[in-house]
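Here is how the chains run, residue by residue.
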Amino acid sequence: MTAMAEDSAINEPGTPEAETQGAAAFASRQLRAFRDDGPLCVALGRLSRGQLPPLPGAVIAAVITGVLLVAGVGDQNTPALFAPAVALLLTGPASSHPHNGRLDWLVPPIIRAIEYGYLAVLGFAQGVSAPLIYALIAVLAYHHYDTVYRTRQRLWPQDWVFRAGLGWEGRMLVVAFVGLSGLLPFAYAALAAYLGVLFVSESVTTWLRTGRGNGVIVDLEED
Amino acid sequence: MTVAVIIATGRAGGRPGPAPTATLPWPGETPEPMTLLARLRAQLVTLKVSDHHVITRPDLAPCLRKDGHEVIESADAAGDLREIAWLAERADDTVVVLPGDLVTGDEPLARLLLDAKGPATALTIPAPKPAAAPPVAPADAPAAEPEGAAAAPTAAPTAAPAAAPTAAPTVVPGTAIRVERGRIASAGSPYHRVTAPNAGFPGALRVARYRVAALSDVAQRLALLLDDPEGPERLVPAEPEGEQSGQGGQGEQSGGSERGGRAPEAIELLLVGLVREGVAVTGNGDPRLVSLRADGEEGARAAAERIGATDEDKIRLKAAVKSNDGFFTTFAVSTYSRYIARWAARRGMTPNMVTSISMGIAVVAAVWFAAGSRTGMIVGGVLFYFSFVFDCVDGQLARYTRQFSTLGAWLDAVFDRAKEYTVFAGLAVGSTAAAYDSSVYGGNVWGLAVAALALQTVRHMIDFSYGAGNRARAAKPLPTTPLDQPGDGAAAPAPAAAPQAQQAPAPAPGGGSLVGRLSRRTSQVRVLHWAKKVIVLPIGERFALIAITAALFNAKVTFIALLAWGVVAALYTLTGRVMRSIAR
């Protein structure tokens, strides 16, 4: 390991104006990467052409999903199917909008809460083995942490990774539909295995390839 | 490759013939006698800076050439600046500018060259806190006196007549500067006054590659200003000569020689130029470390003695411990973890090895937790604590030995998460594996484990996302000040404002908002300061909570405690941050 020296590779802003603009654009791009949108969200975002601000839809989606989950995903299948569709329709169209608003930083954690909450409640309600639920959410958490740590060093994950990962809305819809056929445990196991291999192998190869280069002072330790 | 420009134009007094201060003998212990310049260059080479350019005056050049230095001759400061501009223009990398008579240890230079981030950094010497006089109050009083707008009171305790800084307790070696929140807000020269100086600039300046163009521009503009004293823009002496001589606050050299009406130096002008052009120049200063400029043999000897008396290794080791850690980390780990870091460094261990050891210990802890016995829970708890200790050690080792890598940073961060979530799983397994009537039995707690995992990840996402949005907002362009204006403009509208602004304690992400003020106010009280850190359940507190509740009770208690505390923490941080965001 070289005793660092070169920070210019990551922080290479130009003029002060470009620096400010660049920082705002960078933050917006980061927040949108943190959302972990899949192909459906992106398509809806394209339709709306970035006209919708992201926060209101996300808040409403969180409330509705919460109500639907509390109302009981276990008793009937309607809420279970409903939740991902509602969340997708409310937050998807805004995915192409710049995330530069004062409170737009709330959007990615809201989407995470919707996704994890849905997967956990649906899985437990329909009798999926608990360690399996834990494993699926742990795999997703790995991917979401990895996205954060990478974008900070401007090692943006390729677009295909997000597409292949189905996005949060895709994963929710997959389990919702498979849940109708009663094969939910299989869906959880398959998703956990597929996504685990995808996310971990892609991220480890990227890090091994780039991480050996010259060192950079970065403090990623989090509280 | 980093380019070093060494300005060896200082003249040593008390020597026959013209002699540069850079050729003063280094009085410290070396196998062979060497000059200050030779020592400085050797120090730079150990820091992997071997492209040196020495600039000096024509009459001093023979003396330096005799010592084997290749030199560039220039007639005056304007010439120095043009040479610097030319060198900076050709440099395709970081540029450091240093005075040839700089006497400093290896640590300050390493911090400047290896640790410094951002567009530009200058070595600084913080002024010692005046013991007798409270720093703010007296300075406020004379502010009421009718003074020239630009002549704000310095941090001096006595009423200062216009434009004359008094014999202040802020006597600092090097050119006077004012540092605000780690950034140099104003820098001085014979033409440029500093409002309320609180530090000195010994003359070492580093400019990152992506800002070298600005350095070159500023050097050229300054050279033009110096060359054309009658032009539309002109540099005027900041203080009448008579008033400045004998005053300690500004333009003083380390040796205490009188510098009234002295000639300007290229490096100090460069710093003024960069700061006034709006380049963010970070001040890198540590009151325990020595950086001085020698103006004679006496000064060099004094500096060498102080360097000899400084335990740089100890300071470096201490600085390797993060200063803003949580309560548990600060008091139950950081008190001794640095000695493990030093031990690991002497064994030649890398930070990544320590990170892996920490991860390994956590996995063993999870296996013990999964056993479902009281012994297993206690052993697991103890191991988990030590896993955390080594987690702190890896970062300290990296900072202490200056071994940083992208891979290491990622490994550290990802393993931190993996340790926690592996232990969650181990606890959940142990809870059902335990005998039904044992105190370790907590029933099926997988639901709680999933909830704890989801909550913790969402909490982190709040931190990350808020941080991302906040960083974008923090990047405001810095104010600029014309180069030909003697005052720094800090106190022009209200002279009293500057000392107060300088005293504003914390870096305030809340700005002037109510939340921001409330936040700063409460942080000043020690108990509240720690309470605010503990309530957000940082990593040290989480590890301790898991280890203790698991060792004493069972997994169910652990998860319920984590969830309850985590929810409180999430609500607390969300409320504060939403209010801050709205107030902005």
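So, how was this worked out
Residues numbered from 1 in each chain as written. Chains lettered and ligands numbered in written order. Predicted model: local features only at pLDDT ≥ 70, side-chain atom pairs only at ≥ 80, totals over all residues. Helix = DSSP H or I, 4+ residues; strand = E, 2+ residues; numbered from the N terminus. Buried ≥ 20, exposed ≤ 12 C-beta atoms within 10 Å, placed from the backbone. Contact = placed C-beta atoms within 7 Å. pLDDT = per-residue confidence, 0-100. Core = buried A, V, L, I, M, F, W, Y, C linked by C-beta atoms within 7 Å. Pairing = 2+ DSSP bridges. Expected span 1.5 Å × (residues − 1). Axes fitted to C-alpha atoms, helices over the stretch in contact; angles between N-to-C directions. Parallel < 35°, antiparallel > 145°, perpendicular 65-115°, else oblique. Left-handed = near helix turned anticlockwise from the far one by under 90°.

## Notes on the overall build of chain B
Move 1: Of regular secondary structure, chain B possesses 21 helices and 12 strands.
Move 2: For chain B, buried positions account for 51% of its 584 residues.
Move 3: For chain B, restricting intrachain contacts to residue pairs at least 6 apart in sequence, the fraction spanning at least 24 positions comes to 75%.

## Topic: the overall build of chain A
Move 1: A count of helices and strands for chain A gives 9 helices and 0 strands.
Move 2: Residue pairs at least 24 apart in sequence account for 83% of intrachain contacts in chain A once pairs closer than 6 positions are excluded.

## Things to note about the confidence of the model for chain A
Do not read the predicted coordinates in detail wherever pLDDT is low.
Residue and element names in this part refer to chain A.
Move 1: With 81% of its residues at a pLDDT of 70 or more, chain A shows a mean pLDDT of 82.
Move 2: The least confident element of chain A is helix α1 (residues 16-35), whose mean pLDDT is 78; the most confident is helix α6 (residues 130-152), at 94.
Move 3: Contacts for the low-pLDDT stretch residues 1-15, under 50 throughout, to residues beyond four places or in other chains number 38 contacts.
Move 4: Low pLDDT, under 50, characterises residues 214-222; the stretch is placed with 38 contacts to residues that sit more than four places away or in other chains.

## Brief notes about the nonpolar core
Taken as a class, soluble globular proteins show a tendency for nonpolar side chains to be buried jointly.
Move 1: Counting residues in hydrophobic clusters, the biggest one holds 121 residues, and the most contacted among them are Ile133 and Ile137 of chain A together with Phe384, Ala449, Val450 and Leu453 of chain B.
Move 2: Non-local contacts of Val450 of chain B, meaning those with residues more than four positions away in its chain, are made with Ala120, Ala130, Ile133, Tyr134 and Ile137 of chain A.

## Regarding the pairing of strand β11 (residues 281-285) of chain B
All names here are of chain B.
Move 1: For β11, the buried fraction is high: 4 of the 5 residues fall into the buried class.
Move 2: Of the strand pairs in this sheet, strand β6 (residues 120-126) and β11 are connected by 5 bridges, and their pairing is parallel. Looking at the pairing, Ala122 lines up with Gly283 of β11.

## Things to note about the environment of Val97 of chain B
All names here are of chain B.
Move 1: Relative to the helices and strands, Val97 is located in strand β4 (residues 95-99).
Move 2: Residues Val97 and His52, 45 residues apart in the sequence, show an inter-C-alpha distance of 9.9 Å.
Move 3: Leaving out residues up to four positions away in the same chain, Val97 has contacts with Val5, Ile7, Ile84, Leu205, Ile267 and Leu270.

## Comments concerning helix α8 (residues 266-276) of chain B
What sets the pattern is the α-helix's 3.6 residues per turn: residues three or four places apart point alike.
All names here are of chain B.
Move 1: In terms of burial, α8 is a largely internal element, 11 of the 11 residues being buried.
Move 2: For α8, every residue scored as buried is listed here: Ala266, Ile267, Glu268, Leu269, Leu270, Leu271, Val272, Gly273, Leu274, Val275 and Arg276.
Move 3: The positive-phi residue at the C-terminal boundary of α8 is Gly278, with phi of around 90 degrees.

## Considering the pairing of β4 of chain B
Residue and element names in this part refer to chain B.
Move 1: Among the 5 residues in β4, 5 count as buried, and that is most of the element.
Move 2: With 5 bridges connecting them, strand β1 (residues 3-7) and β4 associate as parallel partners. Along β4, the bridge assignment pairs Ala4 with Val96.
Move 3: With 3 bridges joining them, β4 and strand β10 (residues 205-207) adopt antiparallel strand pairing. Its bridge partner lying in β10, Val96 is registered against Arg206.

## Focus: helix α6 (residues 212-227) of chain B
Residues and elements named next belong to chain B.
Move 1: For α6, which comprises 16 residues, the first-to-last C-alpha distance of 23 Å matches the rise-based estimate of 22 Å (1.5 Å per residue) to within 8%.
Move 2: All buried positions along α6 are accounted for by Val212, Ala214, Leu215, Ser216, Val218, Ala219, Leu222, Ala223, Leu225 and Leu226.
Move 3: Turning to α6, the residues buried within the fold contact α3 (77-90), β4, β10 and α8.

## Here we look at the packing of helix α13 (residues 351-370) of chain B against helix α14 (residues 374-401) of chain B
Residue and element names in this part refer to chain B.
Move 1: Remark: α13 packs on α14, axes separated minimally by 8 Å, with the N-to-C direction vectors making an angle of 165 degrees. The angle between the axes of α13 and α14 places the two elements in the roughly antiparallel class. The interaxial crossing formed by α13 with α14 has left-handed handedness.

## Describing the environment of Leu155 of chain A
Residue and element names in this part refer to chain A.
Move 1: Secondary-structure assignment places Leu155 in the loop between α6 and α7 (159-164).
Move 2: Along the chain, Leu155 and Thr206 lie 51 residues apart, while their C-alpha atoms are 8.5 Å from each other.
Move 3: Setting aside chain neighbours within four positions, we find Leu155 in contact with Arg150, Thr206 and Thr210.

## Topic: unusual backbone geometry
Move 1: Phi is positive for Asp36 of chain A, close to 65 degrees, though the residue is something other than glycine.
Move 2: Tracing the backbone shows Asp36 of chain A in the loop between α1 and α2 (39-48).

## With respect to the environment of Pro237 of chain B
All names here are of chain B.
Move 1: With respect to the helices, strands and loops of the structure, Pro237 is situated in the loop between α6 and α7 (241-244).
Move 2: Spatially, the C-alpha atom of Pro237 lies 9.8 Å from that of Pro264, the residues being 27 residues apart in sequence.
Move 3: With residues near it in sequence (within four places) discarded, Pro237 still touches Pro190 and Tyr191.

## Here we look at the confidence of the model for chain B
All names here are of chain B.
Move 1: Looking at chain B as a whole, its pLDDT mean stands at 82, while 83% of the residues score no less than 70.
Move 2: Note that residues 132-172 has pLDDT below 50 and, in this model, 87 contacts with residues that lie over four places away or in other chains.
Move 3: Here residues 492-511 scores under 50 on pLDDT; set against residues more than four positions off or in separate chains, the count is 45 contacts.
Move 4: The complex model carries a pTM of 0.82, and its ipTM stands at 0.89.

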